[in-house]
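# Summary of the model geometry
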Protein chains: 2
Amino acid sequence: MRGLWLENNQLELRTDLPVPEPAEGEALIRVLRAGICNTDLELLKGYYPYRGILGHEFVGRVVQGANPWQGQRVVGEINAACGQCYYCRRHQPTHCDRRTVLGIVNRQGAFADYLTLPIANLHPVPEHLSTQTATFTEPLAAALEIQEQVTIHPQDRVLVVGEGKLGQLVAQTLALTGCQLLVVGRHPEKLANLAARNIATGLADAVGDRTFDIAVECTGNPEGFEQARRALRPRGTLVLKSTYAGQLTLDASALVVDEITLIGSRCGPFAKALDLLAKAAVDVSPLIQATYPLTQGLEAFALAQQRGSQKVLLAMEDLQT
Amino acid sequence: MRGLWLENNQLELRTDLPVPEPAEGEALIRVLRAGICNTDLELLKGYYPYRGILGHEFVGRVVQGANPWQGQRVVGEINAACGQCYYCRRHQPTHCDRRTVLGIVNRQGAFADYLTLPIANLHPVPEHLSTQTATFTEPLAAALEIQEQVTIHPQDRVLVVGEGKLGQLVAQTLALTGCQLLVVGRHPEKLANLAARNIATGLADAVGDRTFDIAVECTGNPEGFEQARRALRPRGTLVLKSTYAGQLTLDASALVVDEITLIGSRCGPFAKALDLLAKAAVDVSPLIQATYPLTQGLEAFALAQQRGSQKVLLAMEDLQT
C-alpha cells in the first residue's frame, strides 16, 4: 500500500508498504481522509524519535472487524491502551504505561491506505456528517480536554493566545461555555474567522496584564507562554495546549506569589467532539487550507509547514469522497 | 525602639526607630517573639527590593487597639488588604492589589519592639498555647494552604521534597490527611524528626520515577523541582511551596504529554493553624534551632543563614516570656 514514511527526519512517499495485519480486538481500516497536525511537523523536525507512517487525525471505513463495525465509517482515538495497567484501571487510557499512539509512538499512522486500531478506540461517524468535517474530531477532542480539566464559568474572563488551527478550535469550544472570551494572535485574517462567529479578538500585544482568570496557550512558543502568564490574575489558571520545542524558562517565584495553576492538556473526549460537529456547533470549514491526494503528500507537507498555514488534509481515494 | 533594619542588602540593629503609629482600624502590637523565615534570608539577598524592618512571623500583645483586643496576645495575618479591590471583594485578601505585607512589602516588620497591623488581621492566641509555639502559626498556615488548593485523599501517594523548616511543617500537616506520605531530603537527622512521628522518610535520590499522585516542592532549588517533577505520575499535581532565586527551566512538553498540574502556593489559613497548634496535632519543638534576644539579632541571622539551620527565633523581652 501507499504511505508517508518518516525516517531520519525525512518524509518519503512509499508504495511498497505492507497492508497492516489487525491484531486480536483490532480493526483494519481503509483511510478516507486525514489531517496534518503540528505534532506531525514536530515529529518531522525530530521532536520525538519516530520511524514509520505519520498521521493520527483521520476518518476511515472498517474493512475488517467484528460486526457491527464492518463497513462502518469511523474516527479513532489515537492511544491504544493495554487495558491492565494502573492508568487503564483508573480509566485513564490516554496515559496507559504501555500505550502505542497512532503515527506517534510504536504504531503505524494514518497517512496511508490502511491502518489498524483497537475496536475499543473507534467511534462511528454520524451519517450526515461529512468525512471532511469529521477529520477534525481528534483535534476538536483535544480542544475539549480543557473543559474536562478546568471548570469554566460564564463570568470567567478567558484568554486564548494563538489563532492557529488548534487555537481556533479551542476558541470555538470555549465560546460555547458563554465565558468572557478573547482570542489574540498575529494574523488579522485568521482572527476574522472568529470575529465572524461573534468571538472577541485582538492583536497579540494588546492584552492587559493581570486581567484574565484563565489563559490557554496555543502557540507552543515561549513568547506565547509569557503573554498568557502575564495576562493572568492571581489565582488564575494557565492551560498549556501545545508542545514546546526545547525547554521553557519561567519565573517560578511569581507562580508561587500569585498562586498560579499551570495545567498541561493533551487528548480529549471523542464522543463530545463528534456531537459538536454533528450539531454544527463548531465550524471547521474556515480552517481548511487545502486538500491533496495522498500521492501529493510531500507537497501537502510543504504547504502545511509554511508559516501561517491552516489545516492541510490528505484524501486517500478521490477528492469527492 | 529597637529593630532589625534592612537597607541595600545590609541588616543593622537600630535603636533609634520610631514606635509606629497605628492607622485607623489598626492595632499597635508589642512583639513578644518572632521567627526568621527563608523569605527573610532571600530579602537580605535582594530577592525583592525592600527597605525597612524585616520579619513577618510573630506573636505579640495588643497595647493599643479597640476592645476586646486591648491586652490580648495575638498572631497576625501578614497581608494588609484594602478591602475594596477585585480580590478583596472575592474574599482573596492575600492577593489584594494594593496590599502591604508585614516586613516584605511597604509595611515595617516584626523584628522590632512594636509593629502595627489591621485589627482584621489579628487572631487571639489560645490561653494555654505558648508564645514560642504560636510563633509557628504563619508558616504552619502556609503549609495548610496546600489543602485549601488540592483535595488530598487517603489513597493518594504524596511526596514532600525537602525536610527544612517548611518541608517539616508541610509533612506534618499532610500526614494528618492519612495519605500515603513520603518525605525525602539530604539530612538524616532532620528526617529522624519525622520518622519519630511515624512519617515515612527517605534520602533524596531514592525516589522512583512516575509513582506519586502529588508532590510538594519545599526546597526552592531547581534540583528539588526536577525531583518532584520526575516523581509524579501522569495527571499528577506538583505544588510549588518555595520561592526560587532566579528563573526555573523546565520541559513544558512533558507537562503537556503527562497532563501535569503545577500549583503555586503561598499564605494560608491562620485559624486552622492555631487550631492544630492548640490541639498539639503538629509538633514544632524539634524545629527550633535557637532563640536569641533581639539585641543579638545579627547573630541570629548568621545562624539562620547556615546551611541546614532550622528555625531561629528572636525574643523581644526576656527569654522566659
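Below: a short report on this structure. Bear in mind that the values here come from a model prediction, so they are computed numbers and not experimental data.

Thresholds applied
- Counting of residues starts from 1 at the beginning of each chain's written sequence and follows it residue by residue.
- Whichever chain is written first is A, and whichever ligand is written first is 1; the rest continue in order.
- At least 70 in pLDDT is required for a residue's local features to be given in this predicted model, at least 80 for side-chain atom pairs to be given and counted, and no such filter applies to totals for whole chains, interfaces and linings, which use all residues.
- Heavy atoms from the whole structure form the basis of all side-chain values; hydrogens and water molecules are not counted.
- Starting at the N terminus, helices and strands are each numbered in turn, a helix being any DSSP run of H or I of at least four residues and a strand any DSSP run of E of at least two.
- The span expected for a helix works out to 1.5 Å for each residue beyond the first.
- The angle separating two fitted axes, one through the seven residues that finish at a residue and one through the seven that start at it, defines the bend at that residue.
- Three labels apply to residues, based on accessible area from a 1.4 Å probe with only protein chains included: buried if under 20% of the type maximum, exposed if over 50%, partly exposed otherwise in between.
- Copies are brought into register by a least-squares superposition over C-alpha atoms of residues with pLDDT of at least 70 in both.
- Note on contacts: a residue pair qualifies if any of its non-hydrogen atoms lie within 4.5 Å across the two residues.
- The charge count treats Lys and Arg as positive and Asp and Glu as negative. His and the chain ends do not count.
- Salt bridges are counted wherever a side-chain nitrogen of Lys or Arg sits within 4 Å of a carboxyl oxygen of Asp or Glu.
- Two N or O atoms form a polar contact when they lie within 3.5 Å of each other; inside protein one atom must be a possible hydrogen donor and the other a possible acceptor, and for residues adjacent in sequence the pair counts only when both atoms belong to side chains.

## Quick notes on helix α4 (residues 137-149) of chain B
Residues and elements named next belong to chain B. With 13 residues, α4 extends 19 Å between its outermost C-alpha atoms, agreeing within 8% with the 18 Å of an ideal straight helix rising 1.5 Å per residue. A bend of about 25° at A143 is the largest found in α4. Taken across its 13 residues, α4 has ten buried, putting it largely inside the fold. Within the span of α4, buried status applies to T137, E138, P139, L140, A141, A142, A143, L144, E145 and I146.

## Things to note about the relation of the copies chain A and chain B
Once chain A has been moved 0.0 Å along the axis and rotated by 180°, it coincides with chain B to within an RMSD of 0.0 Å. Viewed as a symmetry operation, the transformation between the two copies matches a two-fold axis. The C-alpha atom lying nearest the rotation axis in chain A is that of T249 of chain A; the distance is 2.1 Å. A high fraction, 100%, of the interface residues of chain A reappear at the interface in chain B, so the copies pair face to face through one surface.

## Considerations on the side chain of K190 of chain A
Residues and elements named next belong to chain A. Tracing the chain through its elements places K190 in helix α6 (residues 188-195). No salt bridge is formed by the buried K190; the nearest opposite charge belongs to E163, separated by 5.2 Å. When neighbours within four sequence positions are excluded, K190 is seen to be in contact with E163, G164, Q168, G308, S309 and Q310.

## As for the side chain of R73 of chain A
Residues and elements named next belong to chain A. Relative to the helices and strands, R73 is located in strand β6 (residues 73-76). Although R73 is buried, it makes no salt bridge; E127 carries the closest opposite charge, 5.6 Å away. Within the structure, R73 has its side chain in polar contact with the backbone oxygen of P126 (distance 3.1 Å). Side chain to side chain, R73 and T131 meet in a polar contact 2.9 Å long. Setting aside anything within four residues of it in sequence, one finds R73 in contact with L32, V59, G60, R61, H123, P124, V125, P126, E127, L129, S130 and T131.

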